[in-house]
Structure formats: C-alpha cells, structure tokens
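Descriptive analysis of the structure
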Amino acid sequence: MTKFCLRVSLCLLSSLFALPLLAQQSLPQLTRIDESDANITLDGFVDEAVWENLPVVDGMRVINPDTLAETPYETHVRMFYTERGIYISSINYQPAETLVARMTSRDTQLDRDGFVVGIDASGGGLYGYFLRINLGDSMTDASLLPERQMNMQWDGSWNGRTQALDDGWSVEYFVPWSMMPLPQVDDVRQIGFYFERQVGHLGGEAWSNPALPRTVNQYLSAFDKYELRDIEPRRQLTYYPFASTVVDNVRNETQFKVGSEIFWRPTSNTLLSATLNPDFGNVESDDVVVNLTAFEVFFPERRSFFLEGQDIFNTSPRTSGRGGPGGPVSLLNTRRIGGAAIYDVPGDVDVVPTDLSMPTELLGAVKFTGQNGSWRYGTLLASEDDSEIRGELDDGTRVHLQAQGRDFTIARVLYENTGAGGRRALGWMGTSISHPEIDATVNAIDAHYFSADNRWVVDAQLMHSDVEGVTGAGGFADVSYRPRRGVQHTLRSTYIDDTLDINDLGFLTRNDQMNMDYSYSRTESNIPGLRGRDTSVFFTNQWNTQGQPVRMGLFFNRGYNFLNNNQLNYSFRYFPERIDDRLGRGTGDFRITGRWGANLGYSTNRAEAISYNVNLNLDQDELGPTRTQGSAGIVWRANDRFSTDISLNYTDREALLVHRGGGNYTSFESHQWAPRVETNYFISAKQQLRFTAQWTALKAFEDRFWQVNPNRRDFLQPVANPDSTPDDFVISRLTFQARYRWEIAPLSDLFIVYTRGSNLPRDSFDTFPTLLEQSWNDRIVDTIAIKLRYRLGS
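A quick note: this is a predicted structure, and the numbers were derived from the prediction, not measured.

The next point concerns the overall build of the protein chain. In terms of helices and strands, the protein chain carries five helices and 45 strands. Overall size of the protein chain, expressed as C-alpha extent along the three principal axes, is 85 × 60 × 60 Å. When burial is assessed residue by residue, the protein chain has 51% of its 794 residues classed as buried. Restricting the contact set of the protein chain to residue pairs at least 6 apart, pairs at least 24 apart contribute 62%. With the model as given, the accessible surface of the protein chain reaches about 34,900 Å², and the carbon-plus-sulfur share is 53%. Side chains of the protein chain carry 75 positive and 100 negative charges; the gap between the two charge centres is 4 Å.

Laid out in structure tokens, this is it:
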C-alpha cells in the first residue's frame, strides 16, 4: 500500500502543479547588522543606538472588531537581523493610565496589552510562527500551518521583554535562526512578517499590519515579504540535559532519572532530534473527565520532544479537531507513544486499575524533518521499554505481570506549490506499530487547495489500514467558500468503512460512518451598540455504512459582543430521530426519539479585575427526559501578579442511560458536581506558583430498566427490575497540583510539583461534602517531582 500511495502521488504531481510562475515583484530589504555592532540588551527599552536609523513600520488597521478602521494610537515597529537571528522592537503609544498588564501562564489567552510578531519562515506561506508577548512579559506562541492552523502546544526558544513608559509601552524581541527551519537558497531569501497589537483598555481591540481579520481566509500566505541577504545559519547543535526525581508517597518509592534531548540542524532546512532515556514526568495534568459514552476522549500532547517539528505530520485541519463535530481525525496521536502497556491479565489475578493505565517508559525516540525545494518530509521512530506491574492471586499470593514495549515508525512526504498564487499540496503519510500482539500499518494520501482569489479552500484525505490482516479504508473532503469578508460556507463529506482502524497510533472517534455536513457562518461589525455579532447555522447528516442515521442535527447559534466587551450567546438545536449503534457495543442497535435543546450564556470582560460568566443548557437525554446543565465562574485579579479562577458545573439528568451488558440498559437519575479552582502568583514573569484543584462527583440512582428489541431496530423496551440488588453507583475523582516553575532561560526550566489524586470506589455513597473529604484523604496518587531541564548549545 505504501508503494502504491507513492506512485499515485508522483503521477498526480506533474499535472496538479504544472502552473506558470508569477512575475517576481521587488520586495523591501531587511537591514542586516553584525551581531558585534548591534549591542542589544534585551530589556524592553528601545534605547540602543542601533534602533535610531532603522525604518519605522506602522500602518495598522483595526481587525477586531472587523472594521479595518485607522487606529487611534501610533505603533512604531523596527527590525533588523544578524548572523544569530532577528531583532524586533515596537513602541506602542497610548496614555500611561490606560495600560493593562496581566501576568499569566504561557499560552493563556486573555484580553490585555499585547504585541504579536508573525513570521513566515518558508517565505511562501507554508509554515511559520506566532509569537506574542504581553505587557508584564507573559508569553504566548504557536507554530503555524496554512492558513491559520495554530499548534498552541509548541514552545519556541525566542525571547522578549516589555517596559511601561510615560507615553505607552515598549517591547523587544529576539528570534534565533536556530528556532526556525529555513529553505536552502543561493543568496537571497524571503521571510514574511506580520505585526498585531492588542489594546486592553479598548476591550481587547486588535490592530494589525497587514490587516488580516479572521473574516478572511488568508493569513500566513499574506504576511508582508522582505528580502534577506548573506544569511546562512551555521550548523546548530542544541541539547537539553535534564535530571529529575519523583517521590511516590503511596508506593513508598523514589525514582531518579537523567537524560537528554538533542536537536541538531546540519543544514538550515533539516532537523535531527533525539531523546535519550526520556523523562516525561508529571509537571502538567489533564482535565478530570467522567466519560460514560462509547467514544474515547482526546487529550492533547504536552511533551516538548513530540511537539518540536511536529507540524509536518499534520495532514489536514481535522488533525486538531477543527472543521466540525466528531473530534480529531489524526493519523498520529503521539499520546499513544508511551501510553498504557498491553498486559495479558489472567482471570484469577487482581490488579490495581490505575496500574494498567500507567504510562510506559520510553527507551528513546528519533525524529528527522527537512525541506528540499517544494518538498517537505519527516520521520519519527520511537521504542518503548518493557513494563511490569504487581498483581495478586485469589489466595493472596503476589505475582508480577510483564508487558513488552511497542516500536513505532512514522514517515511523511509533502509536496507544496505556491508559484501561481494560492496553494496546492499533495502528501503521503504512513505509520506502523510492531509488537507481538499488534501488527498495524496505516497509509494515507492528502491533498490541499487554496485558490489565488482567497475564496476557496479544499482539504481532502484518503486512508487505508491493515491491522492483523484486517484491512479498512476511508476518506473525507472539506470545502470552504467565502463569497465576501465575514461570510463562509463549509461542506464536509466523510466516508469510512467499518473496518478502518487507525487508533493504535492515531485518533478516530468512530469508523463506520458516511456524512455530509454543512455550515454557514457570518460575522458582522459596524452594528450600533455592538462591537460585533456572530451567527452560524450548522446541519449535520451522519449515517453508518448500513444506511442508518446515527447523528442528525440542526443548530442555530448567535453571539453578541458589546462595546464593553461583555458577551451574550444563545443557541437552539434539534436532533431528529436516529439510531444508536455504539452504546450497546455490538449487542444490538436501538432507535432514539427526536430531541430539542437550547443554551444561554453571558460573560463579562475578562480584562477587568473581576469578571464572571454564567451558562444554562437545557436538552433531552436519549430516552427523552430533560437534562439540565448549569455553570458559573468568577475570576479575581487582585493585581497583575495574582489571580484566582473559580468555576462550578452542575448537571442534573433524569435518564442517564448506561449499558449493563447483553443488550440490557438501566436509566439512572443522576446529579453531578464539578468544581475547579486555579490560583496563580507570579514572583516575577519567569517564576510562578500555581495551585489547581479539580473534582468531579456523580451520584446515579437506578430508575428504570430497558432491553433492546432482538427482532428489529426499535426504541428500547421497558422491562422489570432483573434483580433486587441496586445498581446505584458513585464516581468521585479529584486531582490537586501545586507547582513552582522557574524559567531560568528560554526553554530552560526548574519544576517542583506536588500531585495528589483519587478515584473512590463506586459504592462510596455519602453526601457530596463527605465525598470531597474522602477524595482528598483516600489518595491513589501522591507524588513530589523535581525536574531541571536546561538548554545548551546554539
């Protein structure tokens, strides 16, 4: 299949990309200065002599709200480059009393005074970076793919500082060449730049140059291009040695580990990276989720090694879940690498459930990515260590269970052409897993089109899997059309047969589907009394391959953004009658009646010292009774360094449907509370104390009993209580984390983290306050982790 995919790709290239080149236009030259002459102290003050004679870039326009109006304050941007990287400064004029500074964790989105530099490192709108620093030095960054696909989990080695001034505030950036892959050129290279400014006291109003509001398709490819000469970064070697220790207070164990991550650029357009004896310790925690459905929950990657250079393995916007409902469709979900081991547990052996879900240690991983002309490529190899857990026989004898680690191979090739305006791309990707119990291979071809007039966007993909000799196939195509700014039509089509299986290394919510979804969205500005109004209509029409409707829905959503940046949103939805073919896990399908739903939400300006939000959701469970969900939250920012965020969710269900096996179901009356608290204190912009606590508790009381009709697809049939033992159950899970982080230098951190967690037995019936107390006391996780990671080299 791999050879077939490559032949098809190569045959299509000659016809798809045989396009005339546009005449080259003269581009502005970016100033080059020797590093020894620059003499920059990166402190946020734009006071070095080198800045004085550089040209000023301004020309910003208002893009949020989408008015493209002239801005009330000036913004003076200057930039130059050296053999080490790019320096950028900006003086952002505004009255000093209007400054809004808020310190937050990295990548936190919040309205305040901030400045963005966008860089198209490819020079052709193929890949780039989004670098934002806010007044107070809190950072946000992301890698970019066409046109506005942002990977917010990526962290770069750039640096920046800000300073408050009497007439506004200023910022200085340094972006090293070692952070970016650069195409190989003989002498002159092109790089695109984009500048954006957010003004907190104007309700988070955003200005940019070039003016690229979200109501247009173009973004990365429309960055202003500059020419750079005499720049060929030398071979760069960067390595991140680390040392860590974890004290497990539950198992009374202490583990020590040392290792390193290595990043080497033999040329400006290639990157070889490796991790040796990696430590992916628990310095971040996932959200606590109660999932009683038949579908897996997706969790994003957080490990730096797998995030660096990962964009080449993104085959479509659906990789990150963008483009509609149903979750991501991804050939590579790196959370599978180092995931739970595959144990064969005998029936007479009891093991702790959390031991079965513990992550697997990695022996190592290697990744190679690069570019040659219009071709980009990448490969990733990873190998897991063998695992061992303890179990107990029925007579109390302790035994050890072992599991062999898996080996992973991923390869990717992508051809892109932007010569005639717009963008055309064709790629192939293959994945493979080797293990005594798994032999899984997946191949896919993806194609992309972005019209020269910026109105049409097409993304398509074909997939084929072979898992233990069982083959499957599927594909999808997404078409977006913007007839004018602020209006978009999107059509999404999908066909996946019932044997396609990419989930050993990828992520797919379900196979066995054929869909045709349509959405219409409209953004309006210049409305009296409003900053903007968003309207969307969505129709989903999803069937299984047997021709049965499995998800049908009509949705209407409207949102108002007021002049003070408060927001009001409401939505209505209708789900026609459908078939549920998943909850029973193969024991019989059943019909679900048509249902209605509505939502109303209100939130205040998050840039204020105190902000709050409330939300009410009303809809119906599968059997028809009402489901009510309410949430509320408040954020208090006592000053720029301290914040507390408290939220509370409550869900009341009259008919929570749970499959009990063999086509038997029980509907429960359930009540669920889910509070969350996060407190942050910044000793400085680079030193943070963070405390997070998240608890979710659900009580379910059996109400009625149901049975699938074995003769035909029908509504569930009510039956008598099959036994006298109540099926009532409780779920109570808590996670608490106290974390100190010191960013010693870019991508160099010291972490000290205390983590505590619990998962109470299902029969722990008590009051909710008592359940919370028990969840804190009856811990199954209690660890202290210390980790030092330092960046050395280029």
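Still to come is the rest of the account.
Sheet architecture is open: three strands sit in the order 17-20-21, paired in antiparallel fashion. The open sheet has two edge strands, strand 17 (349–351) and strand 21 (398–403), and neither has a second partner. Across the sheet, the mean angle separating the axes of adjacent strands is 45° when strand polarity is ignored. Summarising the sheet, strand 17 and strand 20 (residues 387–393) pair through three bridges and their orientation is antiparallel.

Okay, the packing of aromatic side chains next. Taken as a whole and judged by the stated rule, the model has 34 aromatic pairs. Between Tyr81 and Trp177, the aromatic rings sit 6.4 Å apart at their centres with planes inclined by 75°, giving edge-to-face as the arrangement. Separated by 96 residues along the polypeptide, Tyr81 in strand 2 (residues 75–81) and Trp177 in the loop between strand 9 (168–176) and strand 10 (188–199) bring together distant segments of the chain. Side by side, Tyr81 and Trp177 carry an identical accessibility label, which is buried. The positively charged end of Arg318 is found above the aromatic ring belonging to Phe476, 4.2 Å away from the centroid.

Okay, the sheet that holds strand 9 next. Overall, antiparallel pairing links the four strands, which are arranged 2-3-9-8 in an open sheet. In the strand order of this sheet, the two ends are held by strand 2 and strand 8 (159–165), each with one partner. Neighbour-to-neighbour, the strand axes of the sheet open up by a mean angle of 10°, direction not taken into account.

Another aspect to go through is unusual backbone geometry. Note the cis peptide between Pro146 and Glu147, where omega equals -20°. For Glu147, the location among the structural elements is in the loop between strand 6 (139–145) and strand 7 (149–151). Cis geometry is found at the peptide bond from Asn209 to Pro210, where omega equals -5°. Position of Pro210 relative to the elements: it lies in the loop between strand 11 (205–209) and strand 12 (224–229).

Glancing now at a negative patch on the surface. Among the surface-exposed residues, Asp348, Asp350, Glu392, Asp394 and Asp395 lie close enough to one another that they form a single negatively charged patch. Relative to the elements of secondary structure, Asp348 occurs in the loop between strand 16 (329–330) and strand 17. A relative accessible area of 39% places Asp348 in the partly exposed class.

Counting residues in each nonpolar core, the largest one holds 41 residues, and the members touching the most others are Met180, Phe193 and Phe195. Residue assignment for this core shows that the elements contributing at least two residues are strand 2, strand 3 (85–93), strand 4 (114–120), strand 5 (128–134), strand 6, strand 9, strand 10 and strand 12. In terms of nonpolar packing, the next biggest core, distinct from the first, is built from 34 residues, Ile496, Leu505, Leu508 and Leu747 among them.

A separate point is the environment of Ala206. With respect to the secondary-structure elements, Ala206 resides in strand 11. Residues Ala206 and Arg61, spaced 145 residues apart in sequence, show a C-alpha to C-alpha distance of 8.4 Å. The residues contacting Ala206, other than those within four sequence positions of it, are Arg61, Val62, Ile63, Asn64, Glu196, Arg197 and Gln198.

On to a nonpolar patch on the surface. On the surface, a nonpolar cluster with roughly 870 Å² of combined accessible area is contributed by Leu237, Tyr239, Trp264, Leu272, Val366, Leu381, Trp742, Ile744, Leu788, Tyr790 and Leu792. Among the secondary structure elements, those contributing two or more residues to the nonpolar patch are strand 13 (236–248) and strand 42 (729–745). With respect to the element layout, Ile744 can be found in strand 42. According to the relative accessible area criterion, Ile744 is partly exposed, its value standing at 33%.

Looking now at the pairing of strand 6. Summarising burial for strand 6: seven of the seven residues are buried, a large majority. Note that strand 5 and strand 6 share six bridges and pair antiparallel. Within strand 6, the position partnered with Arg132 by the bridge is Thr140. Linking strand 5 back to strand 6 in an antiparallel pair, the connection comprises four residues, with Gly136 at a positive phi of about 110°. Hairpin geometry of strand 6 and strand 7 is characterised by an intervening segment of three residues between the two adjacent antiparallel strands.

Turning our attention to the pattern of salt bridges. Summed over the entire model, instances satisfying the criterion amount to 41 salt bridges. A salt bridge links Arg406 to Glu384; its shortest N-O distance comes to 2.9 Å. Here Arg406, found in the loop between strand 21 and strand 22 (407–417), pairs with Glu384, found in strand 19 (residues 375–384); they are 22 residues apart in sequence, far enough to count as distant. You'll find Arg406 and Glu384 in the same group, each marked buried. Residue Arg582 is joined to Asp581 by a salt bridge in which the shortest nitrogen-to-oxygen separation is 3.7 Å. Judged by relative accessible area, Asp581 falls into the buried class, the value being 11%.

With burial as the criterion, only one face of strand 19 is covered, namely that bearing Arg376, Gly378, Leu380, Ala382 and Glu384; the residues Trp375, Tyr377, Thr379, Leu381 and Ser383 on the opposite face remain uncovered. For strand 18 (residues 362–372) and strand 19, the ladder comprises ten bridges, and the chain directions are antiparallel. Following the sheet pairing, Thr369 is matched in strand 19 by Gly378. As paired elements, strand 19 and strand 22 share nine bridges and run antiparallel to each other. Bridge pairing in strand 22 links Trp375 to Tyr415.

Confidence in the prediction of the protein chain, expressed as mean pLDDT, is 89, and 94% of residues score 70 or more. The least confident element of the protein chain, judged by mean pLDDT, is helix 1 (residues 2–16) at 38; the most confident is strand 35 (residues 595–603) at 97.

For the structure shown, the criterion picks out four cavities of 30 Å³ or more. Taken as a whole, the largest cavity holds about 300 Å³ of empty space. What lines the largest cavity is a set of 22 residues, and nearest its centre among them are Tyr129, Pro181, Gly309, Thr369 and Arg376. Every element with two or more residues in the lining of the largest cavity is listed here: strand 5, strand 6, strand 15 (270–276), strand 18 and strand 19. Sort the elements by how many residues they give to the lining of the largest cavity and strand 18 lands first, with three residues. Its residues placed into classes, the lining of the largest cavity shows nine nonpolar, nine polar and four charged. In this structure, the second largest cavity occupies an estimated 170 Å³ of space. Forming the walls of the second largest cavity are 13 residues, and the residues nearest its centre are Thr104, Arg106, Ala685, Arg741 and Glu743. Mapped by element, the contributors of at least two residues to the lining of the second largest cavity are strand 40 (687–707) and strand 42. The residue inventory of the lining of the second largest cavity, partitioned by class, reads three nonpolar, five polar and five charged.

Among the residues of helix 5 (residues 768–777), those classed as buried are Phe768, Leu771 and Ser775. Down the axis of helix 5, the buried side of the element spans an arc of 50°, and every buried residue falls inside it. Turned more than 90 degrees off the buried face of helix 5, the exposed positions are Pro769 and Glu773. The inward-facing, buried residues of helix 5 abut strand 39 (664–684), strand 40, strand 42 and strand 43 (748–759).

The rules behind these values
Residues numbered from 1 in each chain as written. Predicted model: local features only at pLDDT ≥ 70, side-chain atom pairs only at ≥ 80, totals over all residues. Heavy atoms only, no water. Helix = DSSP H or I, 4+ residues; strand = E, 2+ residues; numbered from the N terminus. Buried < 20%, exposed > 50% of the residue type's maximum accessible area, 1.4 Å probe, protein only. Contact = heavy atoms within 4.5 Å. Areas by Shrake-Rupley, 256 points an atom, 1.4 Å probe, with all protein chains shown as cover. Lys, Arg positive; Asp, Glu negative; His and termini not counted. Charge placed at Lys NZ, Arg CZ, Asp CG, Glu CD. Pairing = 2+ DSSP bridges. Axes fitted to C-alpha atoms, helices over the stretch in contact; angles between N-to-C directions. Phe/Tyr/Trp six-rings, centres within 6.5 Å; stacked < 30°, edge-to-face > 60°. Lys NZ or Arg CZ within 6 Å of the ring centre and 35° of its normal. Patch = residues over 30% accessible without salt bridge, like charges linked within 9 Å, V, L, I, M, F, W, Y side chains within 5 Å. Salt bridge = Lys/Arg side-chain N within 4 Å of Asp/Glu carboxyl O. Core = buried A, V, L, I, M, F, W, Y, C linked by side-chain atoms within 4.5 Å. pLDDT = per-residue confidence, 0-100. 1 Å grid on protein atoms, 1.4 Å probe; cavity = no way out; pocket = protein on both sides within 12 Å on 5 of 7 lines; lining within 4 Å. Points joined across faces, edges and corners; volume = space filled by probe spheres on them. Nonpolar A, V, L, I, M, F, W, Y, C, P; charged D, E, K, R; others polar. Arc of directions from axis to C-beta.

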